[in-house]
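Each chain, letter by letter, is given below.
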Amino acid sequence: MKAFIIDKYKSKDGGRIGQIPAPEPQADEVLVEVHATAINLLDSKIRNGEFKLILPYKTPFVLGHDVAGVVTKVGVRVQQFKVGDEVYARPADHRIGTFAEFIAIKEADVALKPKKLSMEEAASIPLVGLTAWQALIEKGNLKKGQKVFIQAGSGGVGTFAIQLAKYLGATVATTTSTANIELVKSLGADVVIDYKKDDFEKVLHGYDLVLNSQDGKTLEKSLRVLKPGGKLISISGPPDPDFAEEIGAPWYVKLIMRLLSAGVRKKAKRLNVGFSFLFMKANGPQLKEITSLINSGTIIPVIDKIFSFESIKEAIAYVESGRAKGKVVVKIK
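Here the residue index of a chain counts from 1 through its sequence in written order. Local features are withheld for residues below a pLDDT of 70 in this predicted model, meaning they are given only at 70 or higher, and side-chain atom pairs are given and counted only at 80 or more; totals for whole chains, interfaces and linings count all residues. Hydrogens and waters are ignored; side-chain quantities use all the structure's heavy atoms.

Some thoughts on the pattern of salt bridges
The working definition used for a salt bridge is a side-chain nitrogen of Lys or Arg within 4 Å of a carboxyl oxygen of Asp or Glu. By the definition in use, this model includes 19 salt bridges. In this structure, E33 engages K333 in a salt bridge whose closest nitrogen and oxygen atoms are separated by 3.7 Å. Placement of E33 in strand β3 (residues 29-39) and of K333 in the segment after β16 (327-331) is noted, with a sequence separation of 300 residues between them. The closest approach of N and O atoms between E201 and R224, which form a salt bridge, is 2.8 Å. Separated by 23 residues along the polypeptide, E201 in helix α6 (residues 200-203) and R224 in the loop between α7 (216-223) and β13 (226-234) bring together distant segments of the chain. Working definition: helices are DSSP H or I runs of at least four residues, strands are E runs of at least two. Numbering for both runs from the N terminus.

Digging into the packing of aromatic side chains
Pairs were defined over the aromatic rings of Phe, Tyr and Trp, the Trp ring being its six-membered one, requiring ring centres within 6.5 Å. Orientation was assigned from the angle between planes: stacked under 30 degrees, edge-to-face over 60, tilted for the rest. Applying the stated rule across the entire model yields ten aromatic pairs. Taken together, the ring pairs connect F51, F243, F277 and F279 into an aromatic cluster. One residue, K305, lies across the ring of Y318, its end atom 4.3 Å from the ring centre. Here, over-ring charges are defined by two tests on the NZ atom of lysine or the CZ atom of arginine: distance to the ring centre within 6 Å, and angle to the ring normal within 35 degrees.

A look at helix α11 (residues 312-320)
Each residue is assigned to one of three classes by its accessible area relative to the maximum for its type, calculated with a 1.4 Å probe on protein chains only: buried under 20%, partly exposed between the two thresholds, exposed over 50%. Those residues of α11 not exposed but buried are I312, A315, I316, Y318 and V319. Take α11 and look down its axis: the buried residues cluster within an arc of 160°, on one side only. Where α11 is buried, its residues contact β1 (2-6), β2 (16-19), β3, α1 (41-47), β15 (303-308) and β16. Downstream of α11 by one or two residues, G322 has phi in the positive range, about 75°. In this description, one arc is meant: the one made by directions from the helix axis to the C-beta atoms. Only heavy atoms enter the contact rule, under which two residues are in contact if any of them lie within 4.5 Å.

A short note on the sheet that holds strand β10 (residues 171-176)
Across a sheet, strands are paired by hydrogen bonds formed along the backbone, either parallel or antiparallel in direction. With parallel pairing, six strands are arranged side by side in an open sheet as β11-β10-β9-β12-β13-β14. Only two strands of the sheet have a single neighbouring strand rather than two, namely β11 (191-194) and β14 (274-277). Here the strands of the sheet are splayed against their neighbours by 15° on average, with no regard to which way each runs. By definition, two strands form a pair when at least two bridges between them are found by DSSP. Strand direction decides the pairing type here: strand β9 (residues 147-150) and strand β12 (residues 207-212), joined by three bridges, are parallel. Of the residues in β12, the one forming a bridge with F149 is V210. Axes here mean lines fitted to C-alpha atoms, for a helix over just the part in contact, with angles spanning 0 to 180 degrees between N-to-C directions. Contacting β9, β10 and β12, helix α4 (residues 156-167) runs over the sheet at an angle of about 170° to β9.

Re the pairing of β11
Direction of pairing for β10 relative to β11: parallel, over a ladder of four bridges. Pairing of A173 across the sheet is with V191, part of β11. The parallel pair β10 and β11 is bridged by helix α5 (residues 181-187), and the resulting crossover is right-handed. A right-handed crossover is one whose linking path, passing over the helix from the first strand to the second, runs clockwise when the strands point away from the viewer.

A few points about unusual backbone geometry
A cis amide bond links T59 with the next residue in sequence, P60, at an omega value of -10°. One can find P60 in the loop between α1 and β4 (61-62). Omega for the peptide link from G237 to P238 comes to -5°, which places this bond in the cis form. Mapped onto the elements of the fold, P238 is located in the loop between β13 and α8 (241-246). For K10, which is not a glycine, the phi torsion comes out positive at approximately 55°. Looking at where K10 falls in the secondary structure, it is placed in the loop between β1 and β2. Classification of K10 as exposed rests on a relative accessible area of 65%. Phi angles above zero are rare outside glycine, and A152 is one such case at about 50°. Its location among the elements puts A152 in the loop between β9 and α4.

As structure tokens, this is what we get:
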């Protein structure tokens, strides 16, 4: 099968399309023929070796964290899916590889594709949808009437998180550029800050929750918009000791993560607010809940561009530029 292969971290060519053997599904896996995939900043960071500490992939490997496609084979223990089912998923860490014509995925990580979405639209959802779900619902416990600040509202995670937070009944503030103000308002943002003109930290006060996806400087400013007892959940780092514990990291990695997050944790403690790092996980049942929100029209996918498989490097470069509104999708079939 055709796949986008990374032979070496930080390589000058940035990866190549080549031929590799198609996978065989294990007893608890389904084999999915990939119709579409999506590009995430995570793909670029893994390719550049930024996550080697957390996810040490052995080269050569295939990139890709989002998939929509059709089940072509099922393992002997698979009960929820059959050949011909249209599905979507974010495969588990160490099992990624959606930039290919086929991928074997654990049944527990897969959900039926939302009926009203095309394959391209469905492929745009899993990683950002699960990230927003795990940040706002699982970790953030966001409740009706609370106030949440979601950074970068026109990005992949932002466009989904705004809609989910509105569904939960929260008041939503976000940052975006002048060009995207109407887009984030149409998704439900109540307070929109043009980051080119205003400083969010002077405008926002007394927030219950912050979803941080930006750099360390923005993270520190964001701690100050929280009310005492409020929580900041960061998906862009730094990883904290709880996360190191969760992934069963070796002692020296635990030590590194403790040191990396020491400054932020200290500032949060001083301000009497919470800080935690989220590295989203594959989760079929949560994806199923997201499917029902999409089928009911509560959440709509936001797609900027669709690239061909041959133009996948161009697609990754476009995501790296930070200009994308919503998601960037690659059509494979």
